[in-house]
Amino acid sequence: MAIAEIQVRVNQDAPRAAGEEIYIDIKGSKRGEMCVVDFFTQMYLEQRAYSVRIGSVSAPVTSDVAITTLEADMCADVVNGLTLIPTYFNFAANLMTGTANEVGFKSVGSASTAGTVFVPVPLYVGGVAALSTARAQATGNCTVADDAVTTTREIAAWANGIAAGAYATTYVYKPRLPHIVNGAGGVYVQVGATTTGCQYFAAFEYIELRTANID
Amino acid sequence: MAVETLRVKVNQDVPRSVDEDNPADWKGSKRGEGCVIDFYTQMALEQRVFQVRAGSVSAPLVGDVLITDQKAEMAVEAPSGLTLMPITFNWCFNLSAATLFEVALKSRPWTTAITFTTQFTPLNLYIGGVGALSRAYVDAAGGVDVGANEDLTLDRLHYHWAQPIAAGAYRTTDTWEPIAPSALNNRAIAYVQIGADTTGPSYFATFQYIELLTVHLS
């Protein structure tokens, strides 16, 4: 039986910049550990990740009052042939006086139909523009598909029945396993409360790939 | 002894779409790191992850009043030959005015059939993905009967949250994500219980699981 010693190429000091479709020795540390990069990090480095946000530091937005199923504050959509993989969602309320506060991040197999257009921001600064589209308009002014438990996936949810008090009003979602939005479809964020909408900042991130690269 | 240096193929700009059962060169970054994908992400991309959810945005469900042994809000059952791996569970209350709140996720080997009024078709996390072979049930106020009393020697407790007072200075949202999944096979059942005394909490909840044929595991 042939026995082979497996080697890596130590390459810590001068990172390489090999061209596409070129075979190169796998990178190793000075100690000989093999260097790998995970799927999510590589997708971000390949300029395939985008952010959608709402509310700037001096101007939080105000959420919906009593969320109804067709209303969202933010969304991102892909057409047939594209796939969107939500990777992150952050929400922070800086005023929350209503009750029955709710935040939901969901995916569904149809695109939004109304709301102020938001151009997805590449997370690689200077990166390529998204093929996906997005919207951001507070107070539930983005129109999305009906939230039906039989068709709409809930990616993340946060709720509290009482006004802000001695509990955290910031929430972060990072997937253990991602939802896969095979276009046409999209993701959306709903934020609301009874009587008075909360004031908040929010952002979500996603990877965009051609469906052919997955399925 | 032969010496071999592992090589990767740089492939950042135009991702490949290699057909099943064909060899593909190991993908590498421009810097030479080997690109890898974790088990959970790959399972989702292969359309093997499903969701069971309770409560839509305008219609939260109401939990049980005093959880009793075999009463659950949500459950999923693995038919023979299938293995389920529960991997995330998220719940939140948007009304919790009673006391003695409890939320739990458990699993048990099959002993008796689940009794239910509402079957739930599991949602593939891959939109447009294949249908589940597993069966799920959702019914508020403890409407899913898992068929047998909780037995400390049979029922696995994956997650338990409790709070004795009404909503106040504490979070009413939580997410369970185990470091590694339990494997439920041979008609095993995973179930969620949510309740309180006097008045059940209004809640939204989801749990996700991987579905694989048992022969792929053992």
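**Observations regarding the overall build of chain A**
Part 1 of the reasoning: Helix and strand content of chain A: one helix and 21 strands.
Part 2 of the reasoning: Each principal axis of the C-alpha atoms in chain A carries an extent, and together these give about 75 × 40 × 40 Å.
Part 3 of the reasoning: Each of the 215 residues in chain A was classed as buried or not, and the buried ones make up 47%.
Part 4 of the reasoning: If you take every contact in chain A between residues at least 6 apart in sequence, the share linking residues at least 24 apart comes to 83%.

**Things to note about the overall build of chain B**
Part 1 of the reasoning: Assigned secondary structure in chain B consists of one helix and 20 strands.
Part 2 of the reasoning: When the 218 residues of chain B are sorted by exposure, 47% land in the buried category.
Part 3 of the reasoning: Partitioning the contacts of chain B with sequence separation of at least 6, the portion at a separation of at least 24 is 82%.

**As for the interface of chain A and chain B**
Part 1 of the reasoning: Taken together, the contacts link 71 residues of chain A with 63 residues of chain B.
Part 2 of the reasoning: Top contributing element to the side of chain A that touches chain B by residue count: strand S17 (residues 153-160) of chain A, with seven residues.
Part 3 of the reasoning: Residue classes in the side of chain A that touches chain B are distributed as 38 nonpolar, 19 polar and 14 charged.

**Examining the domain arrangement of chain B**
Part 1 of the reasoning: Domain boundaries in chain B define domain 1 (1-36) and domain 2 (48-216).
Part 2 of the reasoning: When each unit is reduced to the centre of its C-alpha atoms, the spacing between domain 1 of chain B and domain 2 of chain B is 40 Å.

**Points about the nonpolar core**
Part 1 of the reasoning: With 102 residues, the main nonpolar core has Met74 of chain A together with Met74 and Ala75 of chain B as its most contacted residues.
Part 2 of the reasoning: If one sorts the elements of this core by residue count, strand S10 (residues 82-95) of chain B sits on top with nine residues.

**Examining the domain arrangement of chain A**
Part 1 of the reasoning: Examined at the domain level, chain A breaks down into domain 1 (1-36) and domain 2 (51-213).
Part 2 of the reasoning: A separation of 40 Å is found between the C-alpha centroids of domain 1 of chain A and domain 2 of chain A.

**Comments concerning the environment of Tyr170 of chain B**
Part 1 of the reasoning: You can see Tyr170 of chain B is positioned in the loop between strand S16 (156-163) and strand S17 (173-176).
Part 2 of the reasoning: Between the C-alpha atoms of Tyr170 of chain B and Gly28 of chain B, which are 142 residues apart in sequence, the distance is 46 Å.

**Digging into unusual backbone geometry**
Residues and elements named next belong to chain A.
Part 1 of the reasoning: Here Gly183 and Ala184 are connected by a cis peptide whose omega angle stands at 5°.
Part 2 of the reasoning: Within the secondary structure layout, Ala184 lies in the loop between strand S19 (181-182) and strand S20 (185-194).
Part 3 of the reasoning: Unusually for a residue other than glycine, Ala66 sits at a positive phi of about 55°.
Part 4 of the reasoning: Mapped onto the elements of the fold, Ala66 is located in the loop between strand S8 (64-65) and strand S9 (71-72).

**Here we look at the environment of Ser182 of chain B**
All names here are of chain B.
Part 1 of the reasoning: Structurally, the position occupied by Ser182 is in the loop between S17 and strand S18 (184-185).
Part 2 of the reasoning: Taking the C-alpha atoms as reference points, Ser182 and Val65, 117 residues apart in sequence, are found 29 Å from one another.
Part 3 of the reasoning: Excluding anything up to four places from it in sequence, Ser182 contacts Met85, Pro86, Ser107, Arg156 and His158.

**Examining the environment of Leu213 of chain B**
Residues and elements named next belong to chain B.
Part 1 of the reasoning: Along the polypeptide, Leu213 turns up in strand S20 (residues 202-213).
Part 2 of the reasoning: Residue Leu213 is classed as exposed on the basis of its 12 C-beta neighbours within 10 Å.
Part 3 of the reasoning: A sequence separation of 99 residues divides Leu213 from Ile114, and the C-alpha atoms of the two residues are 21 Å apart.
Part 4 of the reasoning: Other than its neighbours up to four places away in sequence, Leu213 contacts Gly81 and Leu82.

**Let's talk about the confidence of the model for chain B**
Residues and elements named next belong to chain B.
Part 1 of the reasoning: In the predicted model, chain B carries a mean pLDDT of 93, and 100% of its residues have values of at least 70.
Part 2 of the reasoning: Predicted confidence in chain B is weakest over strand S1 (residues 2-5), with a mean pLDDT of 86, and strongest over strand S13 (residues 123-124), with 98.
Part 3 of the reasoning: Taken over the whole predicted complex, pTM reads 0.91, whereas the ipTM for its chain interfaces reads 0.86.

What counts, and where the lines are drawn
- Residue positions are given per chain, counted from 1 along the sequence in the order it is written.
- Chain A is the first chain written and ligand 1 is the first ligand written, with later ones labelled in order.
- Residue-level local features of this predicted model are given only where pLDDT is at least 70; pairs of side-chain atoms are given and counted only at 80 or more, and the full residue set underlies all totals for whole chains, interfaces and linings.
- Counting from the N terminus, the helices are DSSP H or I runs at least four residues long and the strands are E runs at least two residues long.
- Put simply, a residue is buried when 20 or more other C-beta atoms lie within 10 Å of its own C-beta and exposed when 12 or fewer do; between those, it is partly exposed, and each C-beta is set from the backbone.
- For the purpose of contact definition, each residue receives a C-beta atom placed from its backbone, and two residues are in contact when these atoms lie within 7 Å.
- Three categories are distinguished: nonpolar for Ala, Val, Leu, Ile, Met, Phe, Trp, Tyr, Cys and Pro, charged for Asp, Glu, Lys and Arg, and polar for the others, with Gly belonging to the last.
- For the purposes of this description, domain bounds are those given by an automatic or database domain assignment.
- By our criterion, buried Ala, Val, Leu, Ile, Met, Phe, Trp, Tyr and Cys residues that link up through C-beta atoms within 7 Å make up a nonpolar core.
- pLDDT measures the predictor's confidence residue by residue and takes values from 0 up to 100.

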